[in-house]
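Single-letter residue listing:
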Amino acid sequence: MMNKEFTTEFIHRYSYVVKDIIRGNNHSVFYVGNRKKTLVINEDVRQLRRIIIKVFEVEENAFVRNMIKGLLNGKSSTAIMAEMHMAKNAFIERKHRFEDKVFMYCIYHGLVTIEELEQVSILDRKNPKNANS
């Protein structure tokens, strides 16, 4: 099953993982800093990829589509902001809305349990478990 943290992290690492999904591999290995990470590619992960593609395809605003395309191609946030002449706050807001929309599709497709939804905090977007303190 998926949770908000996993979907957000997957979007950030999409450009690394998508190649292995397309090849039909059952796992993907990539580095975050100096740490080696392994992601098991199961049907839920494949479904998440299809959801991300769907969200990209249904977006009507060309400006936002271009931003999403940059994210999925592995461009850094700074590079996208510079290329598109976006203010940092505007970029972050649109990126979060994209991540939220992907998560809503995951809920719709039954990839998220009620327990995982209860973990999502209204106060603390980055760390849902610390928001209740």
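Described below are features of the structure shown in this document. (Residues numbered from 1 in each chain as written. Predicted model: local features only at pLDDT ≥ 70, side-chain atom pairs only at ≥ 80, totals over all residues. Heavy atoms only, no water.)

## A few points about the side chain of Ser28
- Among the secondary structure elements, Ser28 is positioned in strand S1 (residues 27–32).
- At a separation of 2.6 Å, a polar atom in the side chain of Ser28 contacts the side chain of Asp20. (Helix = DSSP H or I, 4+ residues; strand = E, 2+ residues; numbered from the N terminus. Polar contact = N/O pair within 3.5 Å; in protein donor to acceptor, adjacent residues only side chain to side chain.)

## Some words on helix H2 (residues 14–23)
- Taken together, the buried positions of H2 are occupied by Tyr14, Ser15, Val17, Val18, Asp20 and Ile21.
- Where H2 ends, the next residue or the one after it, Gly24, has phi of about 85°, a positive value. (Buried < 20%, exposed > 50% of the residue type's maximum accessible area, 1.4 Å probe, protein only.)

## Thoughts on helix H6 (residues 88–108)
- When the terminal C-alpha atoms of H6 are compared, their 30 Å separation across 21 residues agrees well with the 30 Å that a helix rising 1.5 Å per residue should span.
- Those residues of H6 lying buried are Phe91, Lys95, His96, Phe98, Glu99, Val102, Phe103 and Cys106. Angularly, the buried residues of H6 cover 155° about the axis, an arc narrow enough to put them on a single face. Projecting away from the buried face of H6 at angles above 90 degrees are the exposed residues Asn89, Arg97, Met104 and Tyr108.
- Residues of H6 that are buried in the fold lie against helix H1 (4–12), helix H3 (43–58), helix H4 (62–72), helix H5 (77–84) and helix H7 (114–119).
- Just downstream of H6 lies Gly110, where phi reads positive at about 75°. (Expected span 1.5 Å × (residues − 1). Arc of directions from axis to C-beta. Contact = heavy atoms within 4.5 Å.)

## Topic: a nonpolar patch on the surface
- Together, Ile107, Ile114 and Leu117 give the surface a local cluster of nonpolar side chains, amounting to about 230 Å² of exposed area.
- Of note, Leu117 is situated in helix H7.
- Relative accessible area serves as the criterion here: at 30%, Leu117 is assigned to the partly exposed category. (Patch = residues over 30% accessible without salt bridge, like charges linked within 9 Å, V, L, I, M, F, W, Y side chains within 5 Å. Areas by Shrake-Rupley, 256 points an atom, 1.4 Å probe, with all protein chains shown as cover. Salt bridge = Lys/Arg side-chain N within 4 Å of Asp/Glu carboxyl O.)

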